[in-house]
Amino acid sequence: MPGWKYAFSLNREAVKAATPPGTVRLIEPTTTVVIPEAGVTTTDRFSKYPLPTPDPADPLNWAPWRKLACISTVSLYAFVSNFISACIAPALPVWNLEFPEDQRKIEELMQFVAYNILLLGFGNVFLVPVANIFGRRAIVLISALILFISTAVGATTSNFVGILVVRCFQGFGSSASETVVPAVVGEMYFVHERGRWMAFYTAALASGSVVGGISGGYIAVRLGWFQVFWVSAVLAGITFLCSVLFVPETIYERGAHCLPIQRNLPRPSRYWPRTPAPYLSLVTLPSMRMTLPSRFRYTGELDPTYTWYQPSSSGDLSSSTAMTPTRLSKQVRSSRATGPGNFSYHPYTFSDSLKFGMYRGRIKYQFMKPWYTLRLPATWIAMLQYGGLVGAVAVISTIGPQLLILPPYDWGADTGLLFIGALIGIVFGAITTALLADRRLKAFAKKQDHGYAEPETRLPIMLPALALGTGGLLVFGFCAQYPGEYQWIGLQVAYGMVAFALTQVPSLWFSYLIDAYNQLASDCFAMICILRGMVPFIWLLFVIQWIERDGYLVPFGGFTVIMGVFSLLIVPILWAGKRMRIATARYVVGNQ
């Protein structure tokens, strides 16, 4: 099988022609005669990847309104989860006023934020495997219900330890919003559509923190501490109800092991024209659906007991074995077919969308699978960059309001206005990502001789965002260190820079992981969210003491250096990302 030595020994043309997991044929040239005088004109046609099945229950075939309702609901869940996580930060100073008998230092109160973020990350170690076993819908509903119940309990809890426990359950109930939800988005849309919809989701994800930061202080000061939880409980209840109605199961079974290359084909004797099947190796398997030449494609009736996947015994492109049909187990035949061998499907109704997914078993394997993704370099890079940006936002959103209460600002209940700069950054980040991500992917595929789309194509878009996010930390530290009448403008701009990066960078990374690793993407998200929880948790635990000892500039300068190192890790992916996917193809194919 191809490994690291093999991948980096290939010349540039061999790498360009290779089709490891994630490389798909997006453009297929078609020839059209326009007018006799003009001769022959070649036009390009976009291919749909993944290939949809004839089944209306296939999420790729859902009606636009159903897809829109689903992505709007899961984006609402992401928004509310981050709203609940962030709204308590500007309300922390109200604690000592609301509970004078239980006075707490600010570093103790910051545990409400730190432990919530920690559980938001670590909860996915449990939730993602369970979602792979029982389906996405079940986990989204259970998580939304836990979020609603814990928030309602918090509205009636008046002691420090009780609130801390509630915040931990809120974090656990929010976990699926950053792992299962992006998997849902990826399973509904084709490769050339994911960029814009992932931008829509990440904009909702990031704006929840901002809106929560703006409103949390006002609610706590003007309505009281407990109203922060009551407002959050109402939002969580609406989210749960919408999830029950509008989030169907998006995992769609296509074979015994859900391999992305599995697709039913007829018996070999029914190919037309009768020519030998192409020779394919492990490197070409994951994208064979798109690279199979049109003369080998079959448009007649399908025999559901045959598939065109069979593991290759060699990873060498030059000595791979021919693909031969392999008989499938009867259990993998679709239960929605109207009869044996008959692929006329029932319509997909609203009552069908309320059903839960089927049990998939392999419990031990599913719980171990997220840890296997640590063998994939992109998982580590996305993990560090996303964790660093979330840590930056967590520190700014917690320290900023405390800073603006003090002279020369004296903003009082208006400290939440600091988040307006972040909201502007999120809007710009979402717009630029939605406009550029898919457009760049299509433009790159058109320029290629083979019409291939590569997951790395979208990643250069995040270079300015990484630079802005890193620089924003330094700007914030400088403005906080040297307060002045107009330094709040610098604080706003700095927060906007970091928020812009937080919107764009995870959006592009989520799209990359779904494109490159397909059904392993949710397992990658689980690992990413572990560090996403650990980094802000660690930073929040010691940042107050560090600021008290050295001021603002030194800690934020240190954060800038750390984020700068994380940002530079994008260079190896841009330079040799496809070689890395060739080297790790055996891990992806073997763990689908």
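These figures come from a predicted structure and were not determined experimentally. (Residues numbered from 1 in each chain as written. Predicted model: local features only at pLDDT ≥ 70, side-chain atom pairs only at ≥ 80, totals over all residues. Heavy atoms only, no water.)

(A) Geometry of the overall build of the chain. For the chain, the count of helices and strands is 23 helices and 8 strands. Here the chain holds 592 residues, and the buried ones make up 59% of them. Considering only contacts in the chain between residues 6 or more positions apart, those separated by 24 or more positions represent 81%. Counting every atom, the chain has about 23,600 Å² of accessible surface; 66% of that belongs to carbon and sulfur. (Helix = DSSP H or I, 4+ residues; strand = E, 2+ residues; numbered from the N terminus. Buried < 20%, exposed > 50% of the residue type's maximum accessible area, 1.4 Å probe, protein only. Contact = heavy atoms within 4.5 Å. Areas by Shrake-Rupley, 256 points an atom, 1.4 Å probe, with all protein chains shown as cover.)

(B) Here's a closer look at the pattern of salt bridges. On inspection of all chains with the given rule, the structure shows 14 salt bridges. Among the charged side chains, a network of salt bridges with common partners joins Arg194, Arg196, Asp438, Arg458 and Asp515. (Salt bridge = Lys/Arg side-chain N within 4 Å of Asp/Glu carboxyl O.)

(C) Representation of the layout of surface pockets within the structure. Empty space within the second largest pocket amounts to approximately 610 Å³. Phe444, Glu454, Leu574, Trp575 and Lys578 are the residues nearest the centre of the second largest pocket, which is lined by 21 residues in total. Breaking the lining of the second largest pocket down by element, the ones donating at least two residues are helix H2 (12-17), helix H17 (419-447) and helix H22 (570-583). Take the lining of the second largest pocket: its biggest share by element is 7 residues, from H22. Looking at side-chain class alone, the lining of the second largest pocket contains 9 nonpolar, 3 polar and 9 charged residues. (1 Å grid on protein atoms, 1.4 Å probe; cavity = no way out; pocket = protein on both sides within 12 Å on 5 of 7 lines; lining within 4 Å. Points joined across faces, edges and corners; volume = space filled by probe spheres on them. Nonpolar A, V, L, I, M, F, W, Y, C, P; charged D, E, K, R; others polar.)

(D) Region of the structure containing unusual backbone geometry. Omega for the bond connecting Pro407 with Pro408 falls within 30 degrees of zero, at 5°, which places this linkage in the cis form. Within the secondary structure, Pro408 sits in the loop between helix H16 (377-405) and H17.

(E) Molecular detail of the packing of H16 against helix H21 (residues 553-568). Between H16 and H21, the least distance of the axes is 9 Å, while the angle of their chain directions is 160°. The angle between H16 and H21 falls in the class roughly antiparallel. At the point where H16 passes H21, the crossing takes the left-handed sense. Packed against H16, whose contacting residues are Leu384, Gln385, Gly388, Leu389, Val395 and Ile396, the element H21 presents Phe556, Phe559, Met563, Phe566 and Ser567 at the interface. Looking at side-chain class alone, the contact of H16 with H21 contains 8 nonpolar, 3 polar and no charged residues. (Axes fitted to C-alpha atoms, helices over the stretch in contact; angles between N-to-C directions. Parallel < 35°, antiparallel > 145°, perpendicular 65-115°, else oblique. Left-handed = near helix turned anticlockwise from the far one by under 90°.)

(F) Focus on the side chain of Arg579. With respect to the element layout, Arg579 can be found in helix H22. Of the side chains with opposite charge, Glu13 lies nearest to the buried Arg579, which makes no salt bridge, at 9.9 Å. Only 2.9 Å separates the side chain of Arg579 from the backbone oxygen of Ala7, close enough to count as a polar contact. Contact partners of Arg579, with chain neighbours within four places excluded, come to Ala7, Phe8, Ser9, Leu10, Asn11, Arg12 and Val15. (Lys, Arg positive; Asp, Glu negative; His and termini not counted. Polar contact = N/O pair within 3.5 Å; in protein donor to acceptor, adjacent residues only side chain to side chain.)

(G) Structural view of H16. Between its terminal C-alpha atoms H16 stretches 43 Å, which fits the 42 Å expected from 29 residues at 1.5 Å a residue. For H16, the tally of buried residues reaches 26 of 29 residues, placing the bulk of the element in the interior. (Expected span 1.5 Å × (residues − 1).)

(H) Summary view of the packing of helix H7 (residues 124-134) against helix H20 (residues 521-550). Where H7 meets H20, the axes come as close as 9 Å, and the angle between the chain directions of the two elements is 170°. One finds that H7 runs roughly antiparallel with respect to H20. Note on element contacts: H20 touches H7 through Ser522, Asp523, Ala526, Cys529 and Ile530, opposite Asn124, Val125, Val128 and Asn132. Partitioning the contact of H7 with H20 into residue classes produces 5 nonpolar, 3 polar and 1 charged.

(I) Spatial organisation of the nonpolar core. Formed by 135 residues in total, the largest nonpolar core has its most connected members in Phe112, Trp225, Leu491, Trp509, Tyr517 and Phe556. In terms of residue count, the dominant contributor to this core is helix H19 (residues 487-517) (17 residues). Among residues more than four places away in sequence, those in contact with Trp509 are Ala378, Ile381, Ala382, Gln385, Leu459, Met462, Ile570 and Ile573. Core analysis: the next-biggest nonpolar cluster, separate from the first, contains 8 residues, Val24, Tyr49, Leu441 and Ala453 among them. (Core = buried A, V, L, I, M, F, W, Y, C linked by side-chain atoms within 4.5 Å.)

(J) Region of interest: empty space enclosed by the protein. In this structure the tally under the stated criterion is 8 cavities of 30 Å³ or more. Each pocket or cavity is described by its volume, and for the largest cavity that value is around 260 Å³. Breaking the lining of the largest cavity down by element, the ones donating at least two residues are helix H3 (64-86), helix H6 (111-122), helix H11 (194-223), H16 and H19. Residues belonging to the lining of the largest cavity are distributed by class as follows: 15 nonpolar, 5 polar and 2 charged.

(K) Quick peek at the environment of Lys369. Structurally, the position occupied by Lys369 is in helix H15 (residues 363-372). Residues Lys369 and Asp523, 154 residues apart in the sequence, show an inter-C-alpha distance of 6.7 Å.

(L) Expanded view of the packing of aromatic side chains. Applying the stated rule across the entire model yields 32 aromatic pairs. Taking the ring centre of Phe160 as reference, the NZ or CZ of Arg104 above it sits at 4.1 Å. Stacked on the ring of Tyr365, the Lys or Arg Arg362 has its end atom at 4.1 Å from the ring centre. (Phe/Tyr/Trp six-rings, centres within 6.5 Å; stacked < 30°, edge-to-face > 60°. Lys NZ or Arg CZ within 6 Å of the ring centre and 35° of its normal.)

(M) Region of interest: H15. All of the buried residues along H15 are Tyr365, Gln366, Lys369 and Pro370. Buried residues of H15, viewed axially, fall in a sector of 140°; they line one side. (Arc of directions from axis to C-beta.)

(N) Geometry of the side chain of Lys578. Along the chain, the position of Lys578 falls in helix H22. One polar contact links Lys578 to Glu454, side chain to side chain, over a distance of 2.6 Å. Not counting residues within four places of it along the chain, the set of residues in contact with Lys578 comprises Val15, Lys16, Ala18, Pro20, Thr23, Glu454 and Glu456.

(O) Structural view of a nonpolar patch on the surface. Residues Leu241, Leu245, Phe246, Phe350 and Leu354 make up a contiguous nonpolar surface patch of about 400 Å² in total accessible area. Counting residues per element, the nonpolar patch draws most heavily on helix H12 (residues 225-246), at 3 residues. Within the secondary structure, Phe246 sits in helix H12. On the basis of relative accessible area, Phe246 is assigned to the partly exposed category, the value being 31%. (Patch = residues over 30% accessible without salt bridge, like charges linked within 9 Å, V, L, I, M, F, W, Y side chains within 5 Å.)

(P) Region of interest: the environment of Leu76. Here Leu76 shows up in helix H3. Along the primary structure Leu76 and Thr239 are separated by 163 residues, whereas in three dimensions their C-alpha atoms are 6.6 Å apart.

(Q) Focus on the confidence of the model for the chain. Per-residue confidence for the chain gives a mean pLDDT of 82, with 81% of residues at or over 70. Within the chain, no element has a lower average pLDDT than strand E4 (residues 306-307), which sits at 32, and none a higher one than helix H8 (residues 136-154), at 97. In this model residues 255-335 is a low-confidence stretch, pLDDT under 50, and it forms 158 contacts with partners more than four residues away in sequence or in other chains. Low pLDDT (under 50) marks residues 338-342, which in the prediction has 4 contacts with non-local residues, meaning those over four places away or in another chain. (pLDDT = per-residue confidence, 0-100.)

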